[in-house]
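Each chain is listed here by its residues.
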Amino acid sequence: MILGTIMGTVVSTRKCRNLVGFKLLLVEPYYGEKKNIFVAADTMGAGIGELVLVTTDNTTQFALDRSAPIDAFVVGIVDAPPQLGK
Amino acid sequence: MILGTIMGTVVSTRKCRNLVGFKLLLVEPYYGEKKNIFVAADTMGAGIGELVLVTTDNTTQFALDRSAPIDAFVVGIVDAPPQLGK
Amino acid sequence: MILGTIMGTVVSTRKCRNLVGFKLLLVEPYYGEKKNIFVAADTMGAGIGELVLVTTDNTTQFALDRSAPIDAFVVGIVDAPPQLGK
Amino acid sequence: MILGTIMGTVVSTRKCRNLVGFKLLLVEPYYGEKKNIFVAADTMGAGIGELVLVTTDNTTQFALDRSAPIDAFVVGIVDAPPQLGK
Amino acid sequence: MILGTIMGTVVSTRKCRNLVGFKLLLVEPYYGEKKNIFVAADTMGAGIGELVLVTTDNTTQFALDRSAPIDAFVVGIVDAPPQLGK
């Protein structure tokens, strides 16, 4: 999974019908290349600036109530920035 | 998912039969390495210059009416360029 | 999907039995890092120098008659090099 | 699979219910870009500083007792740092 | 698929039970970033220095007798180093 910071939201009025009901969040990777911002779907209500745990690819489906074309999904909100070596 | 800008179309006369009926679009990543242009299938009618949301890998199948060898699919047209921090 | 140019073939006598019958092609990415040459399976008869459309990951299975351990498969031969903005 | 070194843990109180029971570990790649630290789930009890083998994507599911939205999972603890050429 | 050179082996005594019986090989990519060494499972008996064809992600499962948490698997031993343009 990837740790990332919520940077904003994406609004799409014309979208695939089984994306309806998901919030679409811009996520900046916490480690590695910060410029590689991607979009993750969310149902936890993560807010801007929060650090989240995102799962990717087809494994997102195991966090959903119904199948959806989502390749990145917020599966956790992180309590505090991690400290390496602890 | 990835945000990308439609840069053109790809024409392939000799192609896999279950790709027939999909428009094949060149997509430039909006964030990260812009040179990594890829091809996404589309049925929404996204036009050149539009900003779209693309899902990847096997999760594309949940946006399709029938299974197809498509690893990138346009699942939404974005209303306006996102603003970081909002 | 990825656009790529056929650069050569790979010959493997000792291989997984359900790879028998596929041509194995070296593909150079048309966009992005050209040095990241990979191997795609083909049944369309794409030749050296031709520009092809390759699907990746598990979605390859939807282009095959039977399941096979193939993570990149030629799903189309492109008519002409794409022109950005058209 | 990827070889990585355990660098720390991630604590997430608000998380997807089928992530409960997994330890979430920060993993630094042993080869390649060390800055690309990612999060892997673990049930083996790998400790900080240990070298582990991590499988990714949907293949994680074959190591789990029940499906879970986990795209990186510790499948082995490595006995000793590998030596190239041996 | 990826072409790679076998650079060594990985020994893991404490591992997931459905990894038992597979040899774990260190593989250096033949093209692209050689430093991105990864681990592939093998049942063909590929030896150090040999050039192999590796399939990735979930497609590995179609080369296995039983499902296993393996995201890279040796599916062929290459007869000779490929020559570009031939």
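Scroll up for the structure.
Residues numbered from 1 in each chain as written. Chains lettered and ligands numbered in written order. Predicted model: local features only at pLDDT ≥ 70, side-chain atom pairs only at ≥ 80, totals over all residues. Heavy atoms only, no water.

### Quick notes on the packing of aromatic side chains
- Evaluation of the coordinates by the stated rule reveals ten aromatic pairs over all chains.
- Judged by centre distance (5.0 Å) and plane angle (85 degrees), the rings of Y30 of chain B and Y31 of chain B are edge-to-face.
- Relative to F73 of chain E, the ring of F22 of chain E has its centre 6.2 Å away and its plane inclined at 85 degrees; by these criteria the two rings are edge-to-face. You can see F22 of chain E sitting in the loop between β2 (14-15) and β3 (23-29) and its partner F73 of chain E sitting in strand β6 (residues 72-77), a full 51 residues away along the chain.
- On the accessibility criterion, F22 of chain E (11% relative accessible area) is buried.
- The buried category is assigned to F73 of chain E, whose relative accessible area is 3%. (Phe/Tyr/Trp six-rings, centres within 6.5 Å; stacked < 30°, edge-to-face > 60°. Helix = DSSP H or I, 4+ residues; strand = E, 2+ residues; numbered from the N terminus. Buried < 20%, exposed > 50% of the residue type's maximum accessible area, 1.4 Å probe, protein only.)

### Here we look at the interface of chain E and chain C
- Between chain E and chain C, the contact holds 27 residues from the first and 33 residues from the second.
- Carbon and sulfur atoms make up 57% of the surface buried where chain E meets chain C, a total of about 2,300 Å² over both sides.
- Across the chain E-chain C interface, the total number found is one salt bridge.
- Between E33 of chain E and K35 of chain C there is a salt bridge whose closest N-O contact spans 2.9 Å.
- Here chain E is connected to chain C by 15 residue pairs in polar contact (both at pLDDT 80 or more).
- When its residues are assigned to classes, the side of chain E that touches chain C shows 13 nonpolar, eight polar and six charged. (Contact = heavy atoms within 4.5 Å. Buried area = accessible area lost by both parts, 1.4 Å probe. Salt bridge = Lys/Arg side-chain N within 4 Å of Asp/Glu carboxyl O. Polar contact = N/O pair within 3.5 Å; in protein donor to acceptor, adjacent residues only side chain to side chain. Nonpolar A, V, L, I, M, F, W, Y, C, P; charged D, E, K, R; others polar.)

### Here we look at the environment of M1 of chain E
- Structurally, M1 of chain E can be placed in the segment before β1 (2-9).
- With 73 residues separating them in the primary sequence, M1 of chain E and V74 of chain E have C-alpha atoms 9.7 Å apart.
- When near neighbours in sequence (up to four residues on either side) are disregarded, M1 of chain E contacts L24, F38, V39, A40, A41, P69, I70, D71 and A72 of chain C together with L53, V54 and T55 of chain E.

### Some details on the arrangement of the chains
- Chain A makes no contact with chain E; the smallest distance between any of their C-alpha atoms is 10 Å.
- For the non-touching pair chain B and chain E, the nearest C-alpha separation works out to 10 Å.

### Remarks on the relation of the copies chain E and chain C
- Superposition of chain E onto chain C requires a rotation of 72 degrees combined with a translation of 0.0 Å along the rotation axis, giving an RMSD of 0.0 Å. Viewed as a symmetry operation, the transformation between the two copies matches a five-fold axis.
- In this assembly the copies use different faces: only 7% of the residues contributing to the interface of chain E also contribute to that of chain C. (Least-squares fit on C-alpha atoms with pLDDT ≥ 70 in both.)

### Observations concerning unusual backbone geometry
- Non-glycine residue D57 of chain B carries a positive phi angle of around 60 degrees.
- Accessibility expressed as a relative area gives 15% for D57 of chain B, which makes it buried.

### Looking at the interface of chain A and chain D
- If you look at the interface, chain A gives 26 residues, while chain D gives 32 residues.
- Roughly 2,300 Å² is buried in total at the junction of chain A and chain D, and carbon and sulfur atoms are behind 57% of that figure.
- Among the residues chain A hides against chain D, the three largest losses belong to M1, F62 and D79 of chain A. Together they make up 29% of the total.
- Run the count over chain A and chain D and you get one salt bridge.
- There are 15 residue pairs in polar contact (both at pLDDT 80 or more) connecting chain A and chain D.
- Only β5 (51-56) and β6 (72-77) of chain A provide two or more residues apiece to the side of chain A that touches chain D.
- Broken down by element, the residue count for the side of chain A that touches chain D peaks at four residues, all from β5 of chain A.
- Partitioned by chemical class, the residues of the side of chain A that touches chain D number 13 nonpolar, eight polar and five charged.

### A short note on the pairing of strand β1 (residues 2-9) of chain A
Residue and element names in this part refer to chain A.
- Along β1, six of the eight residues are buried, which leaves the element largely enclosed by surrounding structure.
- Of the pairings in the sheet, the one linking β1 to β5 comprises four bridges and is antiparallel in character. For L3, the partnering residue across the bridge sits in β5 and is L53.
- As defined by bridge partners, β1 adjoins strand β3 (residues 23-29) across five bridges and the pair is classed as antiparallel. Directly across from G4, in β3, lies its bridge partner P29. (Pairing = 2+ DSSP bridges.)

### Here we look at the side chain of T55 of chain B
- Counting through the fold element by element, T55 of chain B comes out in strand β5 (residues 51-56).
- A polar contact is formed between the side chain of T55 of chain B and the backbone nitrogen of D71 of chain A, at a distance of 3.5 Å.
- Only 3.0 Å separates the side chain of T55 of chain B from the side chain of T59 of chain B, close enough to count as a polar contact.
- Sequence-distant contacts of T55 of chain B, that is, excluding residues within four places in its chain, are made with P69, I70 and D71 of chain A together with M1, T60, D71, A72, F73 and V75 of chain B.

### Let's talk about the side chain of T60 of chain D
- Residue placement: T60 of chain D occurs in the loop between β5 (51-56) and β6 (72-77).
- Contact partners of T60 of chain D, with chain neighbours within four places excluded, come to T59 of chain A together with T55, I70, D71, A72 and F73 of chain D.

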